[in-house]
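Here's the letter readout for the chains.
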Amino acid sequence: MMDLDRSKVFFIIGLLIILAFAGGMKYADIRGQSAASDELVLEDMNRSEVPPTSNENSSKIKVYLIGEVEKPGVYEVQQGTRLYEVVELGVVTDGADLTRINLARRVVDEEVIVVPSFEAAIESNSLPVDATGFSAGEDFTSLLGPSGQQDGKVNLNTASVQELDDKLPGIGPTLAGRIVTYRENNGGFRQVEDIRQVSGIGEKRFEDIKDLICVR
């Protein structure tokens with residue numbers, strides 16, 4: 001009878017040991033899964049803390065602003081910036097003639113922007129100038145047609161598509177549109193010879209119109 005009771009005791013002890021071992025294995029497995037899960041969460045958190053690569057620099061452009069401004073120089077602006085925004089950065093002088101540039105157009109990278117002056121326009125016509133910057137005894141605006149046509153010549157920097165088409169021989173609406181597009185994309189014409197950079201303006205066509213155009 002004693003031996004039978006002892007066998008039961010050993011059996012129960014053995015069963016408890018097996019259960020304890022199995023429980024320990026299960027606990028270790030759960031801990032391992034929990035640790036792995038914590039590592040994944042930590043890795044995700046670390047990834048979320050790393051800021052995404054910014055393409056801000058690629059959206060920046062540089063333009064060179066000169067002419068009738070108090071702060072000429074190279075300005076870094078966002079791509080798509082309008083000309084009036086760049087001009088505001090340079091702070092125009094009292095002598096700036098903003099009617100001769102398209103303030104609404106977008107500027108492009110490496111562009112040279114020249115803010116013109118009233119004085120330069122007047123001097124080019126050899127007119128006496130008073131303290132206000134206008135010709136003495138005459139309204140300066142009366143010297144200009146609707147597109148800025150002066151001395152009987154068409155000003156490439158102010159003429160409209162219609163006037164280029166009407167006033168210049170061999171320049172139809174398509175070429176006139178290209179001239180205006182070139183002007184807006186390049187900050188205007190610096191000299192009459194620049195019109196040869198426009199697609200479709202060859203040597204012969206330039207010879208036909210060079211005495212009819214001007215740049216101011």
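Note that the structure is predicted; figures quoted are calculated from it, not measured.

**Quick word on the pairing of strand S2 (residues 73-78)**
- Strand direction decides the pairing type here: strand S1 (residues 60-67) and S2, joined by six bridges, are antiparallel. If you follow tyrosine 64 over to S2, its bridge partner there is valine 74.
- Between S1 and S2, which pair antiparallel in sequence order, lie five residues.

**Section: helix H2 (residues 83-90)**
- Residues Leu83, Val86, Val87 and Gly90 constitute the buried set of H2. Buried residues of H2, viewed axially, fall in a sector of 100°; they line one side.
- Those residues of H2 that are buried are in contact with S1, S2 and strand S3 (111-115).
- Among the residues trailing H2, valine 91 stands out with phi positive, at a value near 60°.

**Some thoughts on the environment of phenylalanine 206**
- Among the secondary structure elements, phenylalanine 206 is positioned in helix H6 (residues 203-209).
- A relative accessible area of 5% places phenylalanine 206 in the buried class.
- Distance in space between the C-alpha atoms of phenylalanine 206 and glutamate 193 is 8.1 Å, their sequence separation being 13 residues.
- When residues no more than four places from it in sequence are discounted, the contact partners of phenylalanine 206 are Val192, Glu193, Ile195, Arg196 and Ile201.

**Some points on the sheet that holds S2**
- Strand order in the open sheet made by the three strands is S2-S1-S3, with mixed pairing throughout. The outermost strands of the open sheet, each flanked by one partner alone, are S2 and S3. The sheet shows a mean angle of 35° between the axes of neighbouring strands, taken without regard to direction.
- Where S1 lies against S3, five bridges are found, and the strand directions are parallel. Note on S3: the bridge partner recorded for valine 63 is glutamate 111.

**Things to note about the confidence of the model for the chain**
- The predicted model of the chain averages 74 in pLDDT, with 60% of residues at 70 or higher.
- Counting interchain partners and residues more than four positions distant, the pLDDT-below-50 stretch residues 126-150 has 38 contacts.

**Here's the deal with the pattern of salt bridges**
- Counted by the stated rule, this structure contains five salt bridges.
- The shortest N-O distance in the salt bridge between arginine 105 and glutamate 111 comes to 2.2 Å. Summarising the burial analysis for this pair, arginine 105 and glutamate 111 share the class buried.
- A salt bridge links lysine 204 to aspartate 208; the nearest nitrogen and oxygen atoms lie 3.5 Å apart. One end of the pair, lysine 204, and the other, aspartate 208, are both in helix H6, four residues apart, so they sit about a helical turn from each other.

What counts, and at which threshold
Residues numbered from 1 in each chain as written. Predicted model: local features only at pLDDT ≥ 70, side-chain atom pairs only at ≥ 80, totals over all residues. Heavy atoms only, no water. Pairing = 2+ DSSP bridges. Helix = DSSP H or I, 4+ residues; strand = E, 2+ residues; numbered from the N terminus. Buried < 20%, exposed > 50% of the residue type's maximum accessible area, 1.4 Å probe, protein only. Arc of directions from axis to C-beta. Contact = heavy atoms within 4.5 Å. Axes fitted to C-alpha atoms, helices over the stretch in contact; angles between N-to-C directions. pLDDT = per-residue confidence, 0-100. Salt bridge = Lys/Arg side-chain N within 4 Å of Asp/Glu carboxyl O.

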